[in-house]
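Summary of the model geometry
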Amino acid sequence: MNILERLGELGVVPVVKMEDSGQAADLAESLLKGGLPCVEITFRTQAAEESIRKIVAIQPDMLVGAGTVLSVPQATRAVEAGARFIVSPGFDDMLVGWCLAQGVPVVPGIATPTEALMAMDRGLDVLKFFPAEALGGIPMLEAMSAALPGVKFIPTGGINAVNMGTWLKLPFIHAVAGSWMVAPKLLSEGAFGMVSRLAAEAMVNVKEARQAGGQL
């Protein structure tokens, strides 16, 4: 099973903004306790690169990716730190080209059919829909996906424990991604027990939604 297939199997990707790489071990352990062996560390803080490096060293079986990657230099640093997949908020041809050349799975963000076609032209069929709720949510993506057969999406932006199941029932949803499981407040308070609980609840939601959608 390749990395993107594994993300699809898990169904949910916790998106984490790390301010302190010293919390990396606790973060990884709490997600694993919740039955969620993946994480997307956003490249929006100085602690991101070192956090990825520490998680990979401590939990080598955990699927660690880098999010909010905006450039080839950032992607290079993320991969050198151990990131196994790259997520970008938009479609950047140079970034996508670099990832493809390096054999690194990349999920670029798209907001329009034009951007989706650009990604498809590069051979990509798993795309990030961002910012999902602000762009019109499910009605918008339903209309768009009807014209893009074979493409699956990872909606991000406004996804939470309440609405994730509605998204996951849809056949064109590969997985959902969001920060509610590891919100900044939970990290600042060191509430890793809550992180484990929210991760476990998310995994239950994935299973229930896919059963309801006839995908299991």
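Rules of the game
Residues numbered from 1 in each chain as written. Predicted model: local features only at pLDDT ≥ 70, side-chain atom pairs only at ≥ 80, totals over all residues. Heavy atoms only, no water. Pairing = 2+ DSSP bridges. Helix = DSSP H or I, 4+ residues; strand = E, 2+ residues; numbered from the N terminus. Axes fitted to C-alpha atoms, helices over the stretch in contact; angles between N-to-C directions. Contact = heavy atoms within 4.5 Å. Core = buried A, V, L, I, M, F, W, Y, C linked by side-chain atoms within 4.5 Å. Buried < 20%, exposed > 50% of the residue type's maximum accessible area, 1.4 Å probe, protein only. Salt bridge = Lys/Arg side-chain N within 4 Å of Asp/Glu carboxyl O. Arc of directions from axis to C-beta.

Neighbouring strands of a sheet are bound in pairs by backbone hydrogen bonds; such pairs are parallel or else antiparallel. Sheet architecture is open: eight strands sit in the order β7-β6-β5-β4-β3-β2-β1-β8, paired in parallel fashion. Two strands bound the open sheet, and with one partner strand each, they are β7 (152–155) and β8 (176–178). Averaged over all pairs of adjacent strands, the angle between their axes in this sheet comes to 25 degrees, without regard to strand direction. Taken together, the five bridges between strand β2 (residues 38–42) and strand β3 (residues 63–67) define a ladder with parallel strand orientation. Residue pairing across strands places Glu 40 opposite Gly 65, the latter belonging to β3. Each of β2 and β3 touches helix α3 (residues 48–58); the most contacted strand, β2, lies at about 160 degrees to it.

Looking now at the nonpolar core. Of all hydrophobic cores here, the largest spans 78 residues; its most connected members are Leu 27 and Phe 153. Sorting elements by how many residues they give to this core places helix α10 (residues 192–212) first, with seven residues. Once residues lying within four places of it in the same chain are set aside, the contact partners of Leu 27 are Val 16, Met 18, Val 39, Ile 41, Ile 55, Val 182 and Phe 192.

A word on the pattern of salt bridges. Summed over the entire model, instances satisfying the criterion amount to eight salt bridges. A salt bridge links Glu 9 to Arg 6, with the shortest nitrogen-to-oxygen separation between them at 2.1 Å. With a gap of three residues between them, Glu 9 and Arg 6 both fall in helix α1 (residues 3–10), about one helical turn apart. Under the relative-accessibility criterion, Arg 6 is labelled partly exposed at 29%. Between Lys 17 and Glu 19 there is a salt bridge, with the nearest N and O atoms lying 3.8 Å from each other. Judged by its relative accessible area of 31%, Lys 17 is partly exposed.

With that settled, consider helix α4 (residues 72–81). Within the span of α4, buried status applies to Gln 74, Ala 75, Ala 78 and Ala 81. Taken around the axis of α4, the buried residues stretch over an arc of 125 degrees, which confines them to a single face. In α4, the exposed positions that point more than 90 degrees away from the buried face belong to Pro 73 and Glu 80. In the core, the buried residues of α4 are packed alongside α3, β3, β4 (85–88) and α5 (93–102). A positive backbone phi angle near 120 degrees is found at Gly 82, which sits one or two residues after α4.

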